[in-house]
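# Breakdown of the fold
Here is what each chain is made of, one letter per residue.
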Amino acid sequence: MRLLNAPSLAGTDGIAQLQQLQGDMREALSNGNYTRVRQLDDTCTVVLDKLIELHREQPGALLHTMLDLKQMYAELLRECSARPAQVC
């Protein structure tokens, strides 16, 4: 059995991971797969905590990515308002 190494969250790799996560969340949301959105949201919380710690000294790129993520969450909230029984 071979164990896979977790991807690095340091530097641009971490930003890329967060952007991939954001893209996956957008796709799940557009497909109405709210179970997957919830799973990805839980993952996002953990990834963000780690990224904040790793980028404490140079937050520029992380800040830009987090602003994009904030917009995605605004879209999610609009969807929750439109379909509360399905989403939330």
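Everything below is about the structure shown above.
Overview of the structure. Keep in mind that what you see is a predicted model, and the values were worked out from it rather than measured. Throughout, a residue's number is its position along its own chain's written sequence, starting from 1. In keeping with the model being predicted, local features are shown solely for residues with a pLDDT of at least 70 and side-chain atom pairs are shown and tallied solely at 80 or more, while totals for entire chains, interfaces and linings include all residues. Each side-chain value is derived from all of the structure's non-hydrogen atoms; neither hydrogens nor water enter the calculation.

### Some remarks on the overall build of the protein
The secondary structure listing takes helices from DSSP runs of H or I that are at least 4 residues long and strands from runs of E that are at least 2 residues long, numbered from the N terminus. Per the secondary structure count, the protein includes 4 helices and 0 strands. For the protein, the sequential pattern of α-helices and β-strands runs α-α-α-α. For every residue, the accessible area (1.4 Å probe, protein chains only) is compared with the maximum for its type, and the residue is labelled buried under 20%, exposed over 50%, or partly exposed between those bounds. Taken over 88 residues, the protein has a buried fraction of 28%. We call two residues in contact whenever any of their non-hydrogen atoms come within 4.5 Å of each other. Put simply, 64% of the contacts in the protein that link residues at least 6 apart link residues at least 24 apart. Note that accessible areas follow from Shrake-Rupley with a 1.4 Å probe, and for residues the cover is restricted to the protein chains shown. Carbon together with sulfur atoms contributes 53% to the accessible area of the protein, which is approximately 6300 Å² in total.

### Some points on helix α3 (residues 60-82)
In this scheme, a helix's expected span is set at 1.5 Å multiplied by one less than its residue total. In this model, α3 (23 residues) spans 34 Å end to end at C-alpha, consistent with the 33 Å of a helix rising 1.5 Å per residue. Listed as buried for α3 are Leu62, Thr65, Leu69, Met72, Leu76, Glu79 and Cys80.

### Thoughts on the nonpolar core
Among buried residues, the Ala, Val, Leu, Ile, Met, Phe, Trp, Tyr and Cys ones that are joined through side-chain atoms within 4.5 Å form a nonpolar core. Counting 18 residues, the largest nonpolar core has Leu18, Leu21, Cys44, Val47, Leu51 and Leu69 as the members making the most contacts within it. Element by element, the count of residues in this core is highest for helix α2 (residues 34-54), at 7 residues. Residues in contact with Leu18, not counting those within four places in the same chain, are Cys44, Val47, Leu48, Leu51, Leu62, Thr65, Met66 and Leu69.

### Observations regarding the side chain of Gln22
Tracing the sequence through the fold places Gln22 in helix α1 (residues 11-30). According to the relative accessible area criterion, Gln22 is buried, its value standing at 8%. Sequence-distant contacts of Gln22, defined by excluding residues within four places in its chain, comprise Thr65, Asp68, Leu69 and Met72.

### Considering the packing of α1 against α2
In this description, a line fitted to the C-alpha atoms serves as the axis of each element, helices being fitted only across the stretch in contact, and the angle between N-to-C directions of two axes falls anywhere from 0 to 180 degrees. Relative to each other, α1 and α2 sit at 165°, their axes nearing to 9 Å. Here α2 runs roughly antiparallel to α1, going by the angle between their axes. Crossing of α1 over α2 shows left-handed handedness. Residue-level inspection shows Gly14, Ile15, Leu18, Leu21, Asp24, Met25, Ala28 and Leu29 of α1 in contact with α2, the latter providing Tyr34, Arg36, Val37, Leu40, Asp41, Thr43, Cys44, Val47, Leu48 and Leu51. Among the residues forming the contact of α1 with α2, the class breakdown is 13 nonpolar, 2 polar and 3 charged. When describing relative orientation, an angle under 35 degrees is termed roughly parallel and one over 145 degrees roughly antiparallel, while 65 to 115 degrees is termed roughly perpendicular and anything else oblique. What makes a crossing left-handed is the near helix being turned counterclockwise from the far one by less than a right angle; a clockwise turn instead makes it right-handed. Only Asp, Glu, Lys and Arg are considered charged in this grouping, and only Ala, Val, Leu, Ile, Met, Phe, Trp, Tyr, Cys and Pro are considered nonpolar; every other residue, Gly among them, is considered polar.

### Some points on the environment of Tyr34
Within the element layout of this structure, Tyr34 appears in helix α2. Counting along the chain gives 42 residues from Tyr34 to Leu76, while the straight-line C-alpha distance between them is 9.9 Å. Here a polar contact is taken to be a pair of N or O atoms separated by no more than 3.5 Å, where protein atoms must pair a possible hydrogen donor with a possible acceptor and residues adjacent in sequence count only if both atoms sit in side chains. Polar side-chain contacts of Tyr34 include one of 2.8 Å to the side chain of Glu79.

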